[in-house]
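# Reading the structure
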Amino acid sequence: MMTAEEYIQSLRDLRPRRVYAFGEKIEDCVDHPLIRPSINCCAMTYKLAEMPEYRELMVTSSSFTGKPVNRFCHLHQSTADLVNKVKMQRLCGSMTGACFQRCVGMDALNAVFSTTYEIDARHGTEYHRRFVEFVKEWQEKDWTVDGAMTDPKGNRGLAPHAQKDPDMFLRVVERREDGIVVRGAKMHQTGALNSHQILVMPTQTMRAEDRDYAVAFSVPADDPSILYIYGRQASDTRKLEASKVDVGNANYGGQEVIIIFEDTFVPYKNVYMLGEIDFTGMLVERFAGYHRQSYGGCKVGNGDVLIGASQTAAECNGCAKASHIKDKIIEMIHLNETLFSCGIACSCEGSPTRAGNYQIDMLLANVCKQNVTRLPYEIARLAQDIAGGLMVTMPSDADFTSDEVGEWCRKLMVGDARYSVEDRQRILRLIEAMTIGSVAVGYLTESMHGAGSPQAQRIMIGRQANMEAKKALARRLCGIDPDGLF
């Protein structure tokens, strides 16, 4: 396994990538001030695996070789693995206070593994064998892999083949003797610039006319045909300022990127679906289920940070002992642990797939994510309530250090004497960053739209609820179908 330092160096060793941000080409992604905090976040998943106190949670054994592997490279072998995944994600979220970006690859790993097995069983293809070889290399090299599913989609009322612009969905544009050529884009790609490989999946269930869009494959992240456009975030230019106090969480942050495939060649050994429209729905649902489980861990870890920041802000303000403050903190804890409970529940109720790896309980995973679309927003509201208006009206750190107005800033921002003025600045900026600033995309917006919209989960909840069984219970008890009563 790689150390955190080796991971960062491995990104330096990749071929130069075509990356653009703010209309300009970025030559050095690793040390760019906008991008480095997200790299530090991902590096934490390697750092924690080095630490003896977290090794049991972060490290497990490969189901292929028996060698130690980072759990982010692991195929779940039991419900205990599923539970430990959620606990690991909570740990990583609490250590970074942001999105650490490695979950999407892990969830794609498990979804593609089981789906390719079933494709082969029905169609006599060899996708699963190809994917197993890819996974072995993935584990051996301890890669970070970006799972790429979401297409631009264009007019959402039209199927992929019916779009005015065919680039609204990634597709195969050429089939060669040795591989395929693909064109299109993937949106909202978490941690793409921090990844060694890109694992592409179809974005939705496809029809017969959409066969060219039913494609899954892997490609090196530094393939020269790939173009990256870095997505900006609220208050992101604060990272470019001299002072880091106003950033709130200067060392860690998330990352979202548009990936554009400009006639990218993929050898057949790295193709895991090619036109099997009857399995696109399975792959999408399995990936979404795993990723909806993930939010019961990572967002809970972020919530731990926000709760601690809110308690500290109350102490800075001198009102931590007020009964209404105590009650709000308790409510935040209650909501956060409710999310965690859902993540653990869908893991404990998991079951093996035909391929042998374990899958979460799909209904409970969707319930988990449905709660994640709501409860973090209430936790954030309470955090802002406790922090007070100074969180968004406080002068910049440059004013605090100014010869002209600094003395006034430091004089007027004094709170409880146990905390310095700079302590108060820092904790308020952290709450600002997590609820409306540069880290809020990882805690709030991702909570809403990551792993599918709220409506997508409601559709799955309705589909998985087994309403006929519930009706049968009611009919039996009221006497419509009295069999079994005594």
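All of these numbers come straight from a predicted model, not from anything done at the bench. (Residues numbered from 1 in each chain as written. Predicted model: local features only at pLDDT ≥ 70, side-chain atom pairs only at ≥ 80, totals over all residues. Heavy atoms only, no water.)

Secondary structure summary: the protein chain contains 17 helices and 14 strands in total. Relative to the 2.2 N^0.38 estimate, which gives 23 Å for 486 residues, the radius of gyration of the protein chain is 24 Å and therefore close to what a compact globule would have. The C-alpha extent of the protein chain, read off along each of the three principal axes, is 75 × 75 × 50 Å. The burial tally for the protein chain puts 55% of its 486 residues in the buried class. Of the contacts formed within the protein chain by residues at least 6 apart in sequence, a portion of 77% connects residues at least 24 apart. Accessible surface for the protein chain amounts to roughly 20,300 Å². Of this, 52% is attributable to carbon and sulfur atoms. Within the protein chain, the 62 negative side-chain charges are centred at a point lying 4 Å from the centre of the 56 positive side-chain charges. (Helix = DSSP H or I, 4+ residues; strand = E, 2+ residues; numbered from the N terminus. Rg over C-alpha atoms; globule rule 2.2 N^0.38 Å. Buried < 20%, exposed > 50% of the residue type's maximum accessible area, 1.4 Å probe, protein only. Contact = heavy atoms within 4.5 Å. Areas by Shrake-Rupley, 256 points an atom, 1.4 Å probe, with all protein chains shown as cover. Lys, Arg positive; Asp, Glu negative; His and termini not counted. Charge placed at Lys NZ, Arg CZ, Asp CG, Glu CD.)

Within this model, the largest pocket holds a volume of roughly 1,200 Å³. Taken together, the elements giving at least two residues each to the lining of the largest pocket come down to α5 (103-123), β5 (145-148), β7 (179-190), α7 (280-317), α15 (440-449) and α16 (454-464). Considering each element in turn, the lining of the largest pocket owes the most residues, nine residues, to α7. Looking at side-chain class alone, the lining of the largest pocket contains 17 nonpolar, 18 polar and ten charged residues. Counted as a void, the second largest pocket has a volume near 230 Å³. (1 Å grid on protein atoms, 1.4 Å probe; cavity = no way out; pocket = protein on both sides within 12 Å on 5 of 7 lines; lining within 4 Å. Points joined across faces, edges and corners; volume = space filled by probe spheres on them. Nonpolar A, V, L, I, M, F, W, Y, C, P; charged D, E, K, R; others polar.)

What follows concerns the nonpolar core. One broad rule of soluble globular proteins: the nonpolar side chains tend to lie buried together. The biggest cluster of nonpolar side chains holds 80 residues, and the ones touching the most others in it are Tyr-7, Phe-131, Ile-198, Phe-217, Tyr-228 and Phe-261. When residues of this core are assigned to their parent elements, the largest contribution, seven residues, is made by α5. If we ignore the near neighbours within four places in the chain, the residues touching Tyr-228 are Arg-17, Arg-18, Val-19, Tyr-20, Ala-192, Leu-193, Ile-198, Ala-221, Val-257, Ile-258 and Ile-259. In terms of nonpolar packing, the next biggest core, distinct from the first, is built from 56 residues, Ala-313, Ala-380, Leu-390 and Met-413 among them. (Core = buried A, V, L, I, M, F, W, Y, C linked by side-chain atoms within 4.5 Å.)

With that out of the way, let us pick up the packing of helix α9 (residues 362-372) against α16. Between α9 and α16, the shortest axis-to-axis distance is 9 Å and the interhelical angle comes to 150 degrees. In terms of their interaxial angle, α9 and α16 are classed as roughly antiparallel. Relative to α16, the crossing made by α9 is left-handed. Taken together, the residues of α16 that come into contact with α9 (itself represented by Met-362, Leu-363, Asn-366, Val-367, Lys-369 and Gln-370) are Pro-454, Ala-456, Gln-457, Arg-458, Met-460, Ile-461 and Gln-464. (Axes fitted to C-alpha atoms, helices over the stretch in contact; angles between N-to-C directions. Parallel < 35°, antiparallel > 145°, perpendicular 65-115°, else oblique. Left-handed = near helix turned anticlockwise from the far one by under 90°.)

With numbering matched to this structure, UniProt assigns "domain: HpaB/PvcC/4-BUDH C-terminal" (unreviewed entry) to residues 281-478. Secondary structure content for residues 281-478 is 76% helix and 2% strand, while the C-alpha to C-alpha distance between its ends is 38 Å. (UniProt positions renumbered as here; feature names shortened; annotations may be inferred.)

With that settled, consider unusual backbone geometry. The backbone of Gln-101 shows a phi angle near 75 degrees, a positive value even though the residue is not glycine. Locating Gln-101 in the fold gives a position in the loop between α4 (79-96) and α5. Here Gln-101 falls in the buried class, since its relative accessible area comes to 3%. You will see that Ala-451, though not glycine, has its phi angle at about 60 degrees, which is positive. Considering the arrangement of structural elements, one finds Ala-451 in the loop between α15 and α16. Judged by its relative accessible area of 15%, Ala-451 falls in the buried class.

Turning next to the side chain of Ser-438. Relative to the assigned elements, Ser-438 resides in the loop between α14 (421-435) and α15. Setting aside anything within four residues of it in sequence, one finds Ser-438 in contact with Gln-233, Ala-234, Ser-235, Lys-239, Val-247 and Ala-433.

Right, let's talk about the UniProt feature "domain: HpaB/PvcC/4-BUDH N-terminal" (unreviewed entry) in the protein chain for a bit. In the numbering used here, UniProt assigns the "domain: HpaB/PvcC/4-BUDH N-terminal" (unreviewed entry) feature to residues 3-273. Helix and strand shares over residues 3-273 are 30% and 23% respectively, and the end C-alpha atoms of the span are 33 Å apart.

Our focus in this paragraph is the pairing of strand β8 (residues 197-200). Both faces of β8 are covered, namely the face carrying Gln-197 and Leu-199 and the face carrying Ile-198 and Val-200. Where β5 meets β8, four bridges bridge the pair, whose relative direction is parallel. Counted as the bridge partner of Gly-147 is Leu-199 from β8. In terms of strand pairing, β8 meets strand β9 (residues 215-220) through four bridges, oriented antiparallel. Counterpart to Leu-199 in the pairing with β9 is Ser-218. (Pairing = 2+ DSSP bridges.)

Where helix α1 (residues 4-12) meets helix α2 (residues 36-50), the closest approach of the two axes is 7 Å, and the angle between their N-to-C directions is 140 degrees. The angle between the axes of α1 and α2 places the two elements in the oblique class. Crossing angle aside, the handedness with which α1 passes α2 is right-handed. Contacts from Ala-4, Glu-5, Tyr-7, Ile-8, Leu-11 and Arg-12 of α1 reach α2 at Arg-36, Ile-39, Cys-42, Ala-43, Tyr-46, Lys-47 and Glu-50. In terms of residue class, the contact of α1 with α2 is made up of eight nonpolar, no polar and five charged.

Here a disulfide denotes a covalent bond joining the sulfur atom of one cysteine to the sulfur atom of another. For the structure on display, the rule yields zero disulfides. The structure places no disulfide on Cys-298, whose sulfur is separated from the nearest cysteine sulfur, that of Cys-103, by 5.3 Å. A relative accessible area of 9% places Cys-298 in the buried class. Not part of a disulfide, Cys-368 finds its nearest cysteine sulfur in Cys-342, a span of 5.3 Å. Note on Cys-368: relative accessible area 0%, which makes it buried. (Disulfide = S-S within 2.5 Å.)

Glancing now at the packing of aromatic side chains. Tallying each qualifying case throughout the model produces ten aromatic pairs. Summarising the aromatic geometry, the rings of Phe-169 and Tyr-213 are spaced 6.2 Å apart at their centres and angled 90 degrees between planes, so their arrangement reads as edge-to-face. Residue Phe-169 is found in the loop between β5 and β6 (171-175), and its partner Tyr-213 is found in the loop between β8 and β9; the two are separated by 44 residues along the sequence. Across the pair, Tyr-213 and Phe-169 agree in class, each one buried. Taken together, Phe-131, Phe-134, Trp-138, Trp-143 and Tyr-272 form an aromatic cluster joined through their ring pairs. In this structure, Arg-17 packs its charged tip against the face of Tyr-228, placed 5.5 Å from the ring centre. (Phe/Tyr/Trp six-rings, centres within 6.5 Å; stacked < 30°, edge-to-face > 60°. Lys NZ or Arg CZ within 6 Å of the ring centre and 35° of its normal.)

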